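The chain contents come next:
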Number of protein chains: 2
Amino acid sequence: MDLNKYKNLKRGIQDNYINVNPIQRGGVLTGEARKALLEFGDGYSVCDYCFDSRVDLVQKPPIRDFTMDVAKFLNVDEVRFTAGCRHAMWAIMHTITEPGNTIVLDSLAHYTSYLGAEANRLDVVEVPHTGHPMFHIDPEMYAQKFEEVKRHTGNLPVLALLTHVDSRYGNLANAEAVGKICKQYGVPLILNTAYSTGVMPVDAKKLRADFLTCSCHKSWAASAPIGILAASSEWSYKVFGKSRITGDWSGCSFNKKEVALFGCPPVFGAPIATLMASFPTVVERVKHWDEEVRKACYFVGEIEKIDGICQIGHKPKQHTLINIESPSFHAVAGKDRRKGYFLYRELKKRRIMGVRPGMSKSFEINTYGLSWEQVKYVAEAFKDIALKHGICVEP
Amino acid sequence: MDLNKYKNLKRGIQDNYINVNPIQRGGVLTGEARKALLEFGDGYSVCDYCFDSRVDLVQKPPIRDFTMDVAKFLNVDEVRFTAGCRHAMWAIMHTITEPGNTIVLDSLAHYTSYLGAEANRLDVVEVPHTGHPMFHIDPEMYAQKFEEVKRHTGNLPVLALLTHVDSRYGNLANAEAVGKICKQYGVPLILNTAYSTGVMPVDAKKLRADFLTCSCHKSWAASAPIGILAASSEWSYKVFGKSRITGDWSGCSFNKKEVALFGCPPVFGAPIATLMASFPTVVERVKHWDEEVRKACYFVGEIEKIDGICQIGHKPKQHTLINIESPSFHAVAGKDRRKGYFLYRELKKRRIMGVRPGMSKSFEINTYGLSWEQVKYVAEAFKDIALKHGICVEP
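Along each chain, the written sequence defines residue order, and numbers are assigned to residues from 1. All chains are assigned letters beginning at A, and all ligands numbers beginning at 1, according to the order in which they are written. Whole-chain, interface and lining totals are the exception, using all residues; otherwise, since this is a predicted model, local features are given only for residues with pLDDT of at least 70 and side-chain atom pairs are given and counted only at 80 or more. To obtain the side-chain values, all non-hydrogen atoms of the structure were included, while hydrogens and water were left out.

You'll find chain A entered in an unreviewed UniProt entry as O-phospho-L-seryl-tRNA:Cys-tRNA synthase, with Candidatus Argoarchaeum ethanivorans given as the organism. UniProt positions are given in the numbering used here, feature names are shortened, and annotations may be inferred rather than shown by experiment. What UniProt records for chain A under Sequence similarities (unreviewed entry) is the sentence "Belongs to the SepCysS family." Among the UniProt annotations of chain A, the heading Cofactor (unreviewed entry) holds the following wording: "pyridoxal 5'-phosphate".

Bringing the sheet that holds strand 7 (residues 211-215) of chain B into the picture now. All names here are of chain B. Between any two strands, at least two bridges found by DSSP are needed for them to pair. Runs of H or I in DSSP of at least four residues are treated as helices and runs of E of at least two as strands, each being numbered from the N terminus. On the basis of which strands lie adjacent, the open sheet formed by seven strands has the order 2-8-7-6-5-3-4 and mixed pairing. If you trace the sheet from one side to the other, it starts and ends with strand 2 (78-82) and strand 4 (123-127), each paired once. Each neighbouring strand pair of the sheet contributes to a mean axis angle of 20°, computed without reference to strand direction. Relative to strand 5 (residues 159-163), strand 3 (residues 102-106) is paired through three bridges, and the arrangement is parallel. Counted as the bridge partner of isoleucine 103 is leucine 159 from strand 5. In what follows, a contact means two residues having at least one pair of non-hydrogen atoms within 4.5 Å. Note on method: axes are straight lines fitted to C-alpha atoms, helices fitted across the in-contact stretch only, with angles between N-to-C directions ranging 0 to 180 degrees. In the packing of helix 2 (residues 63-74) onto the sheet, contacts are made with strand 2, strand 7 and strand 8 (227-231), and the angle to strand 2 comes to roughly 115°. Contacts between helix 3 (residues 85-96) and the sheet are confined to strand 2, strand 3, strand 5, strand 6 (189-192), strand 7 and strand 8, with strand 7 contributing the most and set at about 155° to the helix.

Here we come to the nonpolar core. Residues enter a nonpolar core if they are buried and are Ala, Val, Leu, Ile, Met, Phe, Trp, Tyr or Cys, with the set joined through side-chain atoms within 4.5 Å. Relative accessible area decides the class of each residue, using a 1.4 Å probe on protein chains only: under 20% of the type maximum gives buried, over 50% gives exposed, and in between gives partly exposed. Ranked by size, the top nonpolar core spans 223 residues in total, and within it Phe81 and Trp220 of chain A together with Phe81 and Trp220 of chain B carry the most contacts. Apart from residues no more than four positions distant in its own chain, phenylalanine 81 of chain B is found in contact with Ile63, Phe66, Thr67, Val70, Ile226, Gly227, Ile228, Pro265, Val267, Ile272 and Leu275 of chain B.

Moving on to the interface of chain A and chain B. Quoted interface sizes are often the accessible area lost when the parts come together. Every contact between the two is made by 101 residues of chain A and, on the other side, 101 residues of chain B. A 1.4 Å probe defines the accessible area here, and the buried area is the portion of it lost by two parts on being joined, summed over both. Of all residues in chain A, Tyr6, Arg11 and Phe262 of chain A give up the largest surface area on contact with chain B, accounting jointly for 9% of the area buried on that side. By definition, a salt bridge exists where a carboxyl oxygen of Asp or Glu is found within 4 Å of a side-chain nitrogen of Lys or Arg. Summed over the shared surface of chain A and chain B, the result is 14 salt bridges. Residues arginine 11 of chain B and aspartate 48 of chain A are paired through a salt bridge, measuring 2.7 Å at the closest nitrogen-oxygen approach. Counted as a polar contact is a pair of N or O atoms within 3.5 Å, where, for protein atoms, one must be capable of donating a hydrogen and the other of accepting one, and residues adjacent in sequence contribute only when both atoms are in side chains. There are 48 residue pairs in polar contact (both at pLDDT 80 or more) connecting chain A and chain B.

Residues and elements named next belong to chain A. Taking strand neighbours across the sheet as the criterion, the seven strands line up as 2-8-7-6-5-3-4 in an open arrangement whose pairing is mixed. Looking at which strands have only one partner, the edges of the open sheet turn out to be strand 2 (78-82) and strand 4 (123-127). Looking at each pair of strands side by side, their axes are set apart by 20° on average, direction ignored. Pairing geometry for strand 3 (residues 102-106) and strand 4, over five bridges, is parallel. Bridge pairing links valine 104 to valine 125 in strand 4. In the packing of helix 2 (residues 63-74) onto the sheet, the strands contacted are strand 2, strand 7 (211-215) and strand 8 (227-231), and the crossing angle to strand 2 comes to about 115°. Packed onto the sheet, helix 3 (residues 85-96) meets strand 2, strand 3, strand 5 (159-163), strand 6 (189-192), strand 7 and strand 8 and runs at close to 155° relative to strand 7.

Given below as structure tokens:
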């Protein structure tokens, strides 16, 4: 074993680089979080004063208060932290469905929504989107699919899931309309907010979501992995159900532990500490969401000046995750010795990271949290690369 | 919302304190890990160059090589990282059992073993221990319980679980003997090594364990949460089974994603980076396990010089996690205005942390990784506290 390769591990992104990676922008740690990271980096560091056998009940550091403040912030009844949004989705499905049940989800759902269903042995019915170029989810289609499921199985689906902002096109779904339909049918709704809560204002009650799932390393400036499972009081007793197992011989029982969270979610240490440390910033930053969207729209306007470049998904943008089709770049890749990597290399030369190496036909970027100056710099960089490779750019 | 309480979060443990917390000793970060923590603290920081949709396949940083090196280190066929040991236990049970099946586990098992079974709706049959003061698990009892299960249910249990070192007494189980019995019966064995791999040498094949589960924030000097699920080739295809779900409308499929790991285990960032960075130290430190055990034995010898103090569990110690019964301290607590907290306070005055506040009747400490000087200092501190409160101490 050559162990030297694990010494002095480097990410290879210098501090003066601009990172536009679609999954990373909302997770960049705040200065406060970086301090907390060092203070609470050791395993179980927040468990020094744990008396109630669950991390959400720890009072020093103030996790118990924090749990309630996060609930207020999201306007939900109860909140728990999980090892990622994927665990939260699995846990909800695990506790309120039975194998063989049918759930309805949007066809832009993240793969972890499908896998949560698969691990719980559920049948999945998808709400279609409108296809290229908008990839829109029509809320009314939820009602239609509910009726279809009822016709085919004799029952309404046990659960619906809507991806608030999807990871491919950055489309913002009309959650309120879907929430209204779900309430009419009495079908509980998971709103997967991996790309919304933490960067933009979200009010669970206003949207009539029974559950929110959040990704805090994606959108709350926290260190991975940490997610949030938020539930209305109607469902919290069920999803946060306590252990009822008893040792046949020892008589052991664990009646404070919540089964679907594996007792105590293992976020004790850097994840919960960085999430708390970033929270004051997060509460403030969601108020400035409109400005973030303006930057995204500006960026789209600029990059579309390049011949053959087109933003797809909802237009104008309502989110900072942007999907770009770039057949003109793809044509360059066909002739360039670097193939599809030419775009990645050209951007890197200009200190821009985060466009997936090898991609040129289409790509995603996220402008969240970039300054106006950085957004302009990135847009100019793309134009510069286009001109250098003989692609026309509108003045 | 008062957000000021989340600013400048402190753990309240100064650098010159000695921490003897039983769950924290093996998770203290190495210097290399602390550097990696800052480098990879942001969410998805190890995903900059992800091309194969799974964190264990990432080549920069060298996670793919690392996965293979960890497998070599444990002498197992295949390894994956999970968001904690608890997820690894749940995932094994999830993939190789069916609801209603019976599993056999030792009655010293961690609560997360029971909860894994509960979440998978399994019946649990416990192998009894010998009770006070040894709390020994007799390997032969596994055979006896297998036979019992067969008599009662008509079938052998589908799975056995043994806690290699338990969290209450720090007893080292005879895993090889249990492994042999499991092989004879053809019952697959999970060895839960949360307190062993990473601090002491463990060879899965020698112990005939089909699965190892590891806790890296507990015993591998990594930042939480990260665990390891190690499996023999006989079982790996099943526990690491790929997704077979397909969107009914979109046709989406995710055939590189492993279902029981929720696709890609969300350890991307600080957890996997710190684990890799500490690995060279971990590989080296397990070679010095005997010296760690000698320190634990020395500590027990010294603390037992205090009247009424008795170490329980296996004797002499074969592990650094130590359970102490202390009726003489408990008697002091009965008269002291600080009640059970007197011990915690007295230790804190002497810069020693990690004995649970309020405990005086019995308590656990862990000497792992302390220098001889620190071990002696801690032992002397206990004697000093005893003398100060009128308890006799052998010279």
